[in-house]
Amino acid sequence: MFDRQDNNNKKEKKLTPLGQYLLRVDGFEEMILADEQITLERLDTLCTKATSLLYADEFFHIITKIDRSIDDACKVIFGDLKVADYKKEIGNSSKLSRLGNYIEQFTIEQRDIANKTGIERTRFNKLVKSDDRRPYAFEIYLLALALDKKPSEVFKALYERDGNDKGSK
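Residues numbered from 1 in each chain as written. Predicted model: local features only at pLDDT ≥ 70, side-chain atom pairs only at ≥ 80, totals over all residues. Heavy atoms only, no water.

A word on the packing of helix 7 (residues 110-117) against helix 9 (residues 137-146)
Thinking step 1. Relative orientation of the contacting elements helix 7 and helix 9 amounts to 110 degrees, with a least axis distance of 9 Å. The angle between helix 7 and helix 9 falls in the class roughly perpendicular. At the point where helix 7 passes helix 9, the crossing takes the right-handed sense. Between helix 7, through Ile-113, Lys-116 and Thr-117, and helix 9, the contact on the second element is made entirely by Leu-142, Leu-143 and Ala-146.
Thinking step 2. Of the residues that constitute the contact of helix 7 with helix 9, the class distribution is 4 nonpolar, 1 polar and 1 charged. (Axes fitted to C-alpha atoms, helices over the stretch in contact; angles between N-to-C directions. Helix = DSSP H or I, 4+ residues; strand = E, 2+ residues; numbered from the N terminus. Parallel < 35°, antiparallel > 145°, perpendicular 65-115°, else oblique. Left-handed = near helix turned anticlockwise from the far one by under 90°. Contact = heavy atoms within 4.5 Å. Nonpolar A, V, L, I, M, F, W, Y, C, P; charged D, E, K, R; others polar.)

A few points about the environment of Glu-89
Thinking step 1. Within the element layout of this structure, Glu-89 appears in the loop between helix 5 (70-78) and helix 6 (98-104).
Thinking step 2. Each C-alpha atom of the pair Glu-89 and Glu-104 lies 7.9 Å from the other, and the pair is 15 residues apart in sequence.

Some words on the confidence of the model for the chain
Thinking step 1. Considering every residue of the chain, the mean pLDDT works out to 88; 88% of them sit at 70 or more.
Thinking step 2. Note that residues 4-11 has pLDDT below 50 and, in this model, 9 contacts with residues that lie over four places away or in other chains.
Thinking step 3. For the stretch residues 164-169, pLDDT sits under 50, and the model shows 21 contacts to residues farther than four places along the chain or on other chains. (pLDDT = per-residue confidence, 0-100.)

Side note on the pattern of salt bridges
For side chains of opposite charge, pairing can occur when their charged atoms come near one another.
Thinking step 1. Per the stated rule, a full pass over the model turns up 8 salt bridges.
Thinking step 2. We note a salt bridge from Lys-88 to Glu-104, for which the minimum N-O separation is 3.7 Å. Residue Lys-88 is found in the loop between helix 5 and helix 6, and its partner Glu-104 is found in helix 6; the two are separated by 16 residues along the sequence.
Thinking step 3. In this structure Lys-88 comes out as buried when scored by relative accessible area, which is 15%. (Salt bridge = Lys/Arg side-chain N within 4 Å of Asp/Glu carboxyl O. Buried < 20%, exposed > 50% of the residue type's maximum accessible area, 1.4 Å probe, protein only.)

Thoughts on helix 7
Thinking step 1. When we look at burial in helix 7, the residues that qualify are Asp-112, Ile-113, Ala-114 and Thr-117.
Thinking step 2. Downstream of helix 7 by one or two residues, Gly-118 has phi in the positive range, about 85 degrees.

Comments concerning the packing of helix 4 (residues 56-65) against helix 10 (residues 151-159)
Thinking step 1. The geometry of helix 4 relative to helix 10 is characterised by a closest axis approach of 10 Å and an angle of 105 degrees between their N-to-C directions. When the axes of helix 4 and helix 10 are compared, the pair comes out roughly perpendicular. On helix 10, the residues touching Ala-56, Asp-57, Phe-59 and Phe-60 of helix 4 are Phe-155, Lys-156 and Tyr-159.
Thinking step 2. Partitioned by chemical class, the residues of the contact of helix 4 with helix 10 number 5 nonpolar, no polar and 2 charged.

The following block contains the structure:
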């Protein structure tokens, strides 16, 4: 698949975390490319270009095609990402009772999730409101952490349909 030698300067290409992960799997190219949902060119880009952004649906497709654990893959590929230590304070609204203000700290709104994940609020709102926007894999990983869920639970809820992955668009 990807040539680890850069033809221009003959230096070894630096692999992305996804590329490093996939190198551990014998025959990964054939497994991923078999259904033609991801092209060889795209897979090469995701594995060798640090600036490439991996969409969540692509990540789900790749990891399920190579029959690996989504949770383990997330730990290896995104393990250095953390969510913000975000805690809401007790409310102080004059429109709420003391009990209402106390309960306010436990109410989780979309903006709270955006703040905890570090996803810019405008982007977060667009992701929440439109299927035309594709989240990146790291954003779904951060969402899982923010919601205290396993990454596999969130990825499967979003991309698995009737036992088959939805794959890339």
